[in-house]
Amino acid sequence: MFTLQAPYPALQTTTLLPNPQLSDQEGLTAIVTRKTAMDGTRYTYIKRKGERRKLRWTFRMMRNKGLELRAFLFSYFASTIKVIDHNGRVWVGNFTNNPFEFDTPQKAGPAIAPWPLGELQAIDLEFEGVEQ
């Protein structure tokens, strides 16, 4: 289970999502700069952003859960978010997507009132934060 909570630290809203697809990614947020001196000597500088990591998750969910996630993102996109991922690790940081793009890769079947049936949505969430 994947949990999103906001705003951090005074948590008001919690959203539970299904586990992300197997393509979740994690990387450092370091910047490498190459400089050349006047005598031709090359220097490399690495600028680190503390313990910050860049994470990316791909979710596939039913339309109702997608609408819930869309409302959560609309309300808290500029706030600090607490994430408990599918591996049980706790992260605190911000989403870096701009804009959040939902895709609908699977059509809906016949509806059972009042809910749509079978419509699938996908979204990639990019997150930058610190592991707690």
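Everything discussed here concerns the structure shown above.
Keep in mind that what you see is a predicted model, and the values were worked out from it rather than measured.

S.K.: Got a sec to walk through unusual backbone geometry? Specific residues and values, please.
M.R.: Of note, the bond from Ala6 into Pro7 is cis; its omega dihedral lies within 30 degrees of zero at -15 degrees. In this fold, Pro7 is placed in the loop between β1 (2-6) and β2 (13-17). With an omega dihedral of 5 degrees, the bond running from Tyr8 to Pro9 counts as a cis peptide bond. Looking at where Pro9 falls in the secondary structure, it is placed in the loop between β1 and β2.

S.K.: Could you give an account of the pairing of strand β7 (residues 81-84), naming the residues involved and the relevant values?
M.R.: Burial along β7 is one-sided: Ile81 and Val83 are buried, while Lys82 and Ile84, pointing the other way, are not. Bridge analysis of β1 against β7 gives 3 bridges, and the strand direction is antiparallel. Paired with Gln5 across the strands is Lys82, a residue of β7. Bridge count between β7 and strand β8 (residues 90-95): 4 bridges; the pairing is antiparallel. Paired with Val83 across the strands is Trp91, a residue of β8.

S.K.: Now, about the environment of Ile31: what can you tell me, with residues and values included?
M.R.: Tracing the backbone through its elements, the reader meets Ile31 in strand β4 (residues 31-36). Setting aside residues up to four positions removed in sequence, Ile31 forms contacts with Tyr45, Ile46 and Lys47.

S.K.: Please give an account of the packing of aromatic side chains that cites residues and values.
M.R.: The tally for this structure, following the rule as stated, stands at 6 aromatic pairs. With centroids separated by 5.3 Å and ring planes inclined at 50 degrees, the aromatic side chains of Phe72 and Tyr76 adopt a geometry described as tilted. Separated by 4 residues within a single helix, Phe72 and Tyr76 lie in helix α1 (residues 63-76), roughly one turn from each other. Taken as a pair, Phe72 and Tyr76 share a single burial class, namely buried. Clustering of aromatic rings is evident, with ring pairs tying together Phe2, Trp57, Phe59, Phe95, Phe100 and Phe127.

S.K.: Residue-level account of α1, with values.
M.R.: Counting along an α-helix, one turn takes 3.6 residues, and residues three or four places apart therefore face a common direction. Helix length check: α1, at 14 residues, gives a terminal C-alpha distance of 20 Å against a target of 20 Å (1.5 Å per residue), a fit within 8%. When we look at burial in α1, the residues that qualify are Gly66, Leu69, Phe72, Leu73 and Tyr76. The buried residues of α1 occupy an angular sector of 120 degrees when projected down its axis, which confines them to one face.

S.K.: Could you give an account of the pattern of salt bridges, with specific residues and numbers?
M.R.: Inspection of every chain in the model, using the stated rule, returns 6 salt bridges. Measuring nitrogen to oxygen at the nearest pair gives 3.5 Å for the salt bridge that ties Asp85 to Arg89. Of the residues examined, Asp85 reaches a relative accessible area of 3% and is grouped as buried. A relative accessible area of 26% places Arg89 in the partly exposed class. Through salt bridges with shared partners, a single network forms among Arg56, Asp124 and Glu126.

Conventions adopted
- Residues numbered from 1 in each chain as written.
- Predicted model: local features only at pLDDT ≥ 70, side-chain atom pairs only at ≥ 80, totals over all residues.
- Heavy atoms only, no water.
- Helix = DSSP H or I, 4+ residues; strand = E, 2+ residues; numbered from the N terminus.
- Buried < 20%, exposed > 50% of the residue type's maximum accessible area, 1.4 Å probe, protein only.
- Pairing = 2+ DSSP bridges.
- Contact = heavy atoms within 4.5 Å.
- Phe/Tyr/Trp six-rings, centres within 6.5 Å; stacked < 30°, edge-to-face > 60°.
- Expected span 1.5 Å × (residues − 1).
- Arc of directions from axis to C-beta.
- Salt bridge = Lys/Arg side-chain N within 4 Å of Asp/Glu carboxyl O.

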